[in-house]
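# Report on the structure
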Amino acid sequence: MDTKKTGFNSKLIHSGAVEESMGSAVSPIYQTSTFKFEDADQGARRFQGKEGGYIYTRLGNPNLDDLATALTDLEEGYGAVVTSSGMAAVNDVYMALLGSGDHMISHNAVYGPSRGIMETFYPKYGVESTFIDCSDIENIKRSIKPNTRLLYLETPANPTLKLTDIEAASKLAHEHNILVCVDNTFCSPYLQKPLKLGADIVLHSMTKFINGHADIVGGAVIAKTKEILDKLVYVMKNVGFNMDPHQAWLTRRGLKTMAIRIERAQENAIKVAEFLESHPKVKWVLYPGLDSFPQKDLVEKQMAGPGAMMSFELKGGIVAGKQVMDHVKLALLAVSLGGIETLIQHPASMTHAVLGQKERMEAGISDGLVRLSVGIEDVEDIITDLDQALSFA
Ligand code: LCS
């Protein structure tokens, strides 16, 4: 069946590249580092690109292709690479598209290390960057330089949930020959399709909603064109960012249930956000599904739902926030997000500690901000747990 023509849920189950073997309903795992050739000429033809087929797992493997094909279908792109982590995906984009003398613009509240490595490591290769509030398109416009090559967005941003208008930002960027990459980790293609909104590249930490079961670390980059994909593939193969076949197989399995997981987590998140917002000890809640969310119109415009991520601050600031984190019993006090279990963490001292105090303040990551990734447990249990933890705040 041509899965390009099926609906999203059918793609989740059936898209892929592994051929059926012995009638198994699920693809086998090609847990091999290398593939044998029929003869020396075939090996040479494969290396010279004159014949398809596998050579060596760093250069390609059926399980990696299976997952990459499914993601390409889901994000409606030209092709994808799957990587050993989300950070490998981030660096695949940076290395493939930026070089000495180039400049990148990005949002000031992206995942800590996506900004940290650009500011501390890439300058030694001559790459410049500007981190600003991309939710204001005028800020992007003002930051464009003649050597700007990449606009790197994360929307909703981690952990402030700030949105950038992908369509407007892409239009502006393209007028200046700038490529646009969107880290779609917080949404997944179920809730947002950046390529359809005008972006050129989509990136994921598959550790999160795509795999969803907190048992692998992985990443992916989906490109809109062959030209971009070729650059990503070159770096992936030669820097060695590829996934392991078992990791890819587990991720492909997790992906199958992504839509129903996100539906349930989102349903829970709406109720949890309403509970938190009405709690007397809570100062504010940032969640795209609340009426109080400042960018409600943009949620409607570019997202199919508000997702399962939120941030909040208590009236007692970080002292009170720590009490809540220390007293949860059902939720896990742990970083990561987008899994089936509810997770709570403190960005200023954990995921975004790599940024300085000044950078965090500018980005809206206050010391009291607590991030919650709502899981698919019974919502009554999640709320009961938060309620009892809040009694210590
Ligand atoms: N992009 C976003 C938006 C992320 O949230 C993360 C990880 C990455 C990229 C990197 O992916 P990884 O290499 O970890 O697969 N975010 C994390 C977080 O918020 N808590 O722990 C990891």
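Residues numbered from 1 in each chain as written. Predicted model: local features only at pLDDT ≥ 70, side-chain atom pairs only at ≥ 80, totals over all residues. Heavy atoms only, no water.

Let's shift gears to the sheet that holds strand β2 (residues 103–107). The seven strands lie next to each other as β1-β7-β6-β5-β4-β2-β3, forming an open sheet whose pairing is mixed. In this open sheet, the two edge strands, each paired with only one partner strand, are β1 (79–83) and β3 (128–132). Taking each pair of neighbouring strands and ignoring which way they run, the sheet shows an average axis angle of 20°. Two strands pair when backbone bridges link them, and β2 and strand β4 (residues 148–154) are joined in this way by four bridges, in the parallel orientation. Note on β4: the bridge partner recorded for Ser106 is Tyr152. Against the sheet, helix α3 (residues 62–75) engages β1, β6 (201–205) and β7 (219–223), with an angle of about 130° to β1. The sheet strands contacting helix α8 (residues 226–240) are β1, β5 (179–183), β6 and β7, and the helix crosses β1 at an angle near 20°. (Pairing = 2+ DSSP bridges. Helix = DSSP H or I, 4+ residues; strand = E, 2+ residues; numbered from the N terminus. Axes fitted to C-alpha atoms, helices over the stretch in contact; angles between N-to-C directions. Contact = heavy atoms within 4.5 Å.)

When the terminal C-alpha atoms of α8 are compared, their 20 Å separation across 15 residues agrees well with the 21 Å that a helix rising 1.5 Å per residue should span. Within the sequence span of α8, burial applies to Ile228, Leu229, Leu232, Val233, Val235 and Met236. The buried side chains of α8 occupy one side of the element, clustering within an arc of 165° when seen end-on. Opposite its buried face, α8 presents the exposed residues Glu227 and Tyr234, each directed more than 90 degrees away. (Expected span 1.5 Å × (residues − 1). Buried < 20%, exposed > 50% of the residue type's maximum accessible area, 1.4 Å probe, protein only. Arc of directions from axis to C-beta.)

When the domains of the protein chain are assigned, the result is domain 1 (3–255) and domain 2 (259–390). The C-alpha centroid of domain 2 is placed 26 Å from the C-alpha centroid of domain 1. Each side of the interface is counted separately: domain 1 has 41 residues, and domain 2 has 39 residues. Roughly 3100 Å² is buried in total at the junction of domain 1 and domain 2, and carbon and sulfur atoms are behind 63% of that figure. By the criterion of area lost to domain 2, the three top residues of domain 1 are Leu163, Leu191 and Phe209, representing 22% of everything that side buries. For Lys301, the salt bridge goes to Asp165, with nearest N and O atoms at 2.9 Å. Counting across the interface, domain 1 meets domain 2 through 18 residue pairs in polar contact (both at pLDDT 80 or more). Broken down by secondary-structure element, the contributors of at least two residues to the side of domain 1 that touches domain 2 are α1 (8–14), α5 (112–120), α7 (166–175) and α9 (245–255). With four residues, the single largest contributor to the side of domain 1 that touches domain 2 is α5. Taken together, the residues of the side of domain 1 that touches domain 2 sort by class into 19 nonpolar, 17 polar and five charged. (Domains from an automatic or database assignment. Buried area = accessible area lost by both parts, 1.4 Å probe. Salt bridge = Lys/Arg side-chain N within 4 Å of Asp/Glu carboxyl O. Polar contact = N/O pair within 3.5 Å; in protein donor to acceptor, adjacent residues only side chain to side chain. Nonpolar A, V, L, I, M, F, W, Y, C, P; charged D, E, K, R; others polar.)

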